[in-house]
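# A look at the structure
Next come the chains, spelled out residue by residue.
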Amino acid sequence: MKEKVNKTNVARLLDKAKVSYRLVPYEVDENDLSATHVAAQLGEDVAQVFKTLVLHGDKSGYFVCVIPGAEEVDLKKAAKVSGNKKCEMIPVKELLPLTGYIRGGCSPIGMKKRFPTYIHHSAMSFESIFVSAGQRGLQVELAPADLIRESGAVEADLTA
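Reference entry: report on the structure contained in this document. What you are looking at is a predicted structure, and each value in this text was computed from that prediction instead of being measured. (Residues numbered from 1 in each chain as written. Predicted model: local features only at pLDDT ≥ 70, side-chain atom pairs only at ≥ 80, totals over all residues. Heavy atoms only, no water.)

## Examining the nonpolar core
For the record, the criterion: The set of buried Ala, Val, Leu, Ile, Met, Phe, Trp, Tyr and Cys residues whose side-chain atoms join them within 4.5 Å is what this entry labels a nonpolar core. Throughout this description, buried means an accessible area under 20% of the type-specific maximum (1.4 Å probe, protein chains only), exposed means over 50%, and partly exposed covers the range between. Under the scheme used here, helices are H or I runs from DSSP no shorter than 4 residues and strands are E runs no shorter than 2 residues, and both carry numbers assigned from the N terminus.
Core analysis: the biggest nonpolar cluster contains 28 residues, and Val-54, Ile-119, Val-140 and Leu-142 have the highest contact counts within it. At the level of elements, helix 1 (9–16), strand 2 (50–57), strand 3 (61–68), helix 4 (92–99), strand 6 (129–135), strand 7 (138–142) and helix 5 (144–151) are the ones that each hand at least two residues to this core. In terms of nonpolar packing, the next biggest core, distinct from the first, is built from 12 residues, Phe-63, Ile-67, Cys-87 and Leu-158 among them.

## Regarding the sheet that holds strand 1 (residues 21–25)
Condition: In this description, strands pair whenever DSSP reports at least two bridges between them. Lines are fitted to the C-alpha atoms to define the axes, a helix being fitted only along its stretch in contact, and any angle between axes, read from their N-to-C directions, falls within 0 to 180 degrees.
With antiparallel pairing, three strands are arranged side by side in an open sheet as 1-7-6. With partners counted over all chains shown, the strands left at the sheet margins are strand 1 and strand 6, one partner each. In this sheet, adjacent strand axes meet at a mean angle of 35 degrees when their direction is disregarded. Bridge count for strand 6 against strand 7 is five bridges, and the pairing is antiparallel. What sits directly across from Ser-132, in strand 7, is Gln-139.

## Here we look at the packing of aromatic side chains
Within a pair of aromatic rings, the relevant descriptors are the distance that separates the centres and the angle that separates the planes. Which entries qualify depends on this criterion: Here a Phe, Tyr or Trp ring, Trp counted by its six-membered ring, pairs with any other such ring whose centre lies within 6.5 Å, and the pair is stacked when the planes are under 30 degrees apart, edge-to-face when over 60, and tilted otherwise.
Counted under the stated rule, the structure contains two aromatic pairs. Look at Tyr-62 and Phe-115: their rings are 5.9 Å apart centre to centre, the planes differ by 65 degrees, and that puts the pair in the edge-to-face class. Of this pair, Tyr-62 sits in strand 3 while Phe-115 is found in the loop between helix 4 and strand 5 (117–120), placing the two residues 53 residues apart along the sequence.

## Describing the pairing of strand 3
Most of strand 3 sits out of view: seven of its eight residues are buried. As judged from the eight bridges shared by strand 2 and strand 3, these two strands associate in the antiparallel manner. Directly across from His-56, in strand 3, lies its bridge partner Tyr-62. A loop of three residues connects strand 2 with strand 3, the two strands running antiparallel in sequence.

So far we have only geometry, and geometry alone does not tell us how the molecule works.
Below, the structure written as structure tokens:
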């Protein structure tokens with residue numbers, strides 16, 4: 001018997017856009033919300049499991065970076081690509097009020113407001129990638145081109 005997975009806002013938005021996707025539940029470890037842990041739980045290559053980071057630039061304000069799970073965002077590259085001189089990760093306490101998502105469950109799709117979004121260029125080398133489906137314990141697998149279209153993302157080099 002298949003485990004019933006509750007539709008998230010992300011899934012509803014993808015349905016509305018007629019995007020093909022798969023919801024993939026995984027075991028949450030409150031002490032390890034890393035994408036490497038998620039990839040291990042899914043049995044997938046961590047290079048295919050992307051994390052969603054929200055940053056604030058000195059000129060553009062808030063923007064989103066979607067990068068491979070094991071990588072770190074390069075703040076200089078992120079600032080440059082987003083038209084800022086400098087940028088920083090937002091404090092975790094600002095994440096929920098700003099995006100509607102909590103740490104470990106932040107998706108580039110369906111945030112409260114649409115922010116400029118940049119996705120690491122490596123995403124296009126996969127047939128499908130995984131990003132958060134908007135809650136801890138649930139990933140969405142979809143084609144990178146669909147994610148780019150639905151989030152309005154721009155491909156960029158964002159990692160160190």
